[in-house]
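# Notes for the structure review
Each chain is listed here by its residues.
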Amino acid sequence: MKKLIQLFLVIALVSALLLYAISKLNSSQGFTSSNTLTIYNWGDYIDADLIDRFEEETGIKVIYETFDSNEAMMTKIEQGGTTYDIAIPSEYMIDKMRQEDLLVPLDHSKLPNLKNIDQRFIDLPFDPGNKYSVPYFWGTVGIVYNSKMLGGKKITAWADLWDKDLKNEILLTDGAREVMGMGLNSLNYSLNDTDEAHLQEAKIKLDALTPNIKAIVGDESRMLLEAQEAAIGLVWSGVASEIMAENEDLEYVVPEEGSNLWFDNMVIPRTTKNVDAAHQFINFMLDPEVAAQNAEYVSYSTPNKEALKYMPEEVVKDERFYPSPELTEKLEVYENLGKKNLARYNELFLEFKMHRK
């Protein structure tokens, strides 16, 4: 035990010395908390050229780190060991983070470009008045399908997926909210429903879909759909846009029963050490030309209505990815269900996956 304690102390000392050395190195290069901005974002979710441009225009050094889930991002910020000045969580997580006092209120006077955001995407329930967040990208959850592989068959609704002719043709994303939401929507229930009878009904309905499911996967769905290993996928609109660019036989539809309208927003976490630079970056990303360039690189829909003027007409007029206000009014944003209800969703989703086996 004594040797173990000594080893721990040595490791702690070495770690402290390394952190000190890195700090001194950054200082010698002119990088301090006053002119450094640390961004925490999803992988490949920004045009790197825009980071270079921001650094050149402001003299602020950007450190860019990535996460692969909202939950991982929130855990890291809760722990507080790393300084993050900007994070880009999804809507339900923003609601949770503000309730947990993990976000810094925004100073709207430092965000003059906020006026460029489409009013449809302002003052939503997960952040009333946009006190803590600013829209970054938005989109839908829907169905991408290969019309050629399906012999010209069209898909317009969740209900179509239960067709017996679609045996072993469907890829589902490995997400409880997405899959349970699909089950609930297929029964014309809200994708935020917490009624136990409705949840059980949705789970039974999903069990009946099992013969048509080829796999429940993560990011590999893109490759599988592009390679025509499956004809149908439950995907986010941005993913659909990317893979459709690689395969002209693919189509994307938002099911007529309804679906999810999602948002990823920019926030300033409590871990920040450079609030001014964070506001500068957010305002920079809200510039119409910057937002347009970023949207073309990422292939997701921009909430910046002024940016649409700088984008190809065929892109902004494509209602699959820029749906009309009439359609978006029918869609639902994921609500923060709370720990108990979210645990129930996860439990039922796990039971569904086990049922397949």
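In the nomenclature of an unreviewed UniProt entry, the chain corresponds to Spermidine/putrescine ABC transporter substrate-binding protein from the organism Peribacillus simplex. Quoted verbatim from the Subcellular location (unreviewed entry) heading of the UniProt record, the comment on the chain is "Periplasm".

Attention now moves to the overall build of the chain. Check the secondary structure of the chain and you find 13 helices and 9 strands. For 357 residues, the compact-globule estimate of 2.2 N^0.38 gives 21 Å, and the C-alpha radius of gyration of the chain, at 22 Å, lies within 12% of that figure. Referenced to the eigenvectors of the C-alpha coordinate spread, the extents of the chain come out at roughly 65 × 65 × 40 Å. Residue pairs in contact within the chain that sit at least 24 positions apart in sequence constitute 75% of those at least 6 positions apart. Of the roughly 17,300 Å² of accessible surface on the chain, 51% is carried by carbon and sulfur atoms.

For strand β9 (residues 261-267), a buried count of 7 out of 7 residues is recorded, marking the element as mostly surrounded by other parts of the structure. Burial along β9 is two-sided: Leu261, Phe263, Asn265 and Val267 facing one way and Trp262, Asp264 and Met266 facing the other are all buried.

Let's shift gears to empty space enclosed by the protein. A complete count under the given rule lists 2 cavities of 30 Å³ or more for this structure. Lining of the largest cavity is provided by Ile117, Pro135, Tyr136, Phe137, Met266, Met285, Leu286, Ala291, Asn294, Thr302, Pro303 and Asn304. Secondary-structure elements contributing two or more residues to the lining of the largest cavity are β4 (133-146) and α10 (288-298). For the lining of the largest cavity, the leading source of residues is β4, giving 3 residues. Considering only enclosed or pocket space, the second largest cavity measures out at about 40 Å³ in volume. Lining the second largest cavity we find Val141, Trp158, Arg177, Glu178, Gly181, Met182, Asn185, Leu191, Ser259, Asn260 and Tyr334. Ranked by residue count, the leading element in the lining of the second largest cavity is helix α5 (residues 176-186), at 5 residues. Grouping the amino acids of the lining of the second largest cavity by side-chain chemistry returns 5 nonpolar, 4 polar and 2 charged.

The next thing to look at is the layout of surface pockets. The calculated volume of the largest pocket comes to roughly 1,200 Å³. In terms of lining, the largest pocket is formed by 39 residues, of which the most central are Trp42, Asp68, Ser69, Asn70 and Trp236. Grouping the amino acids of the lining of the largest pocket by side-chain chemistry returns 18 nonpolar, 10 polar and 11 charged. Split by domain, the lining of the largest pocket shows at least three residues from each of two domains, domain 2 (35-138 + 263-317) and domain 3 (139-261 + 322-356).

Turning to the UniProt feature "binding site: spermidine" (unreviewed entry) in the chain, a few remarks are in order. Within the UniProt annotation, "binding site: spermidine" (unreviewed entry) is assigned to Tyr92. Among the structural elements, Tyr92 can be located in helix α4 (residues 91-99). In this structure, Tyr92 is in contact with Asn70, Glu71, Tyr334, Glu335 and Asn336, ignoring residues within four places of it in sequence.

Turning our attention to the domain arrangement of the chain. Here the domain parsing of the chain yields domain 1 (1-30), domain 2 (35-138 + 263-317) and domain 3 (139-261 + 322-356). The distance between the C-alpha centroids of domain 2 and domain 3 comes to 27 Å. Taken residue by residue, the interface counts 18 residues in domain 2 and 16 residues in domain 3. Taken over both partners, the interface formed by domain 2 and domain 3 buries close to 1,500 Å², and the fraction arising from carbon and sulfur atoms is 60%. In this structure, the connection of domain 2 to domain 3 is made through 0 salt bridges.

Running from N to C, α5 and helix α13 (residues 338-356) cross one another at 80°; their axes reach a closest spacing of 9 Å. As the angle between them shows, α5 and α13 are arranged roughly perpendicular. Of α13, the residues touching α5 (which contributes Ala176, Arg177, Val179, Met180 and Leu184) are Leu342, Tyr345, Asn346, Leu348, Phe349 and Phe352. Across the contact of α5 with α13, the residue classes break down as 9 nonpolar, 1 polar and 1 charged.

On to the side chain of Asn70, then. Relative to the elements of secondary structure, Asn70 occurs in helix α3 (residues 70-79). When neighbours within four sequence positions are excluded, Asn70 is seen to be in contact with Trp42, Pro89, Ser90, Tyr92 and Met93.

At a minimum axis separation of 11 Å, helix α2 (residues 48-58) and helix α9 (residues 275-285) run at an interaxial angle of 125°. Considered as vectors, α2 and α9 are oriented oblique to each other. Between α2 and α9 lies a crossing whose hand is right-handed. Note on element contacts: α9 touches α2 through Ala277, Gln280, Phe281, Phe284 and Met285, opposite Leu50, Arg53, Phe54, Glu57 and Thr58. Split by residue class, the contact of α2 with α9 holds 6 nonpolar, 2 polar and 2 charged.

About the criteria used
- Residues numbered from 1 in each chain as written.
- Predicted model: local features only at pLDDT ≥ 70, side-chain atom pairs only at ≥ 80, totals over all residues.
- Heavy atoms only, no water.
- UniProt positions renumbered as here; feature names shortened; annotations may be inferred.
- Helix = DSSP H or I, 4+ residues; strand = E, 2+ residues; numbered from the N terminus.
- Rg over C-alpha atoms; globule rule 2.2 N^0.38 Å.
- Contact = heavy atoms within 4.5 Å.
- Areas by Shrake-Rupley, 256 points an atom, 1.4 Å probe, with all protein chains shown as cover.
- Buried < 20%, exposed > 50% of the residue type's maximum accessible area, 1.4 Å probe, protein only.
- 1 Å grid on protein atoms, 1.4 Å probe; cavity = no way out; pocket = protein on both sides within 12 Å on 5 of 7 lines; lining within 4 Å.
- Points joined across faces, edges and corners; volume = space filled by probe spheres on them.
- Nonpolar A, V, L, I, M, F, W, Y, C, P; charged D, E, K, R; others polar.
- Domains from an automatic or database assignment.
- Buried area = accessible area lost by both parts, 1.4 Å probe.
- Salt bridge = Lys/Arg side-chain N within 4 Å of Asp/Glu carboxyl O.
- Axes fitted to C-alpha atoms, helices over the stretch in contact; angles between N-to-C directions.
- Parallel < 35°, antiparallel > 145°, perpendicular 65-115°, else oblique.
- Left-handed = near helix turned anticlockwise from the far one by under 90°.

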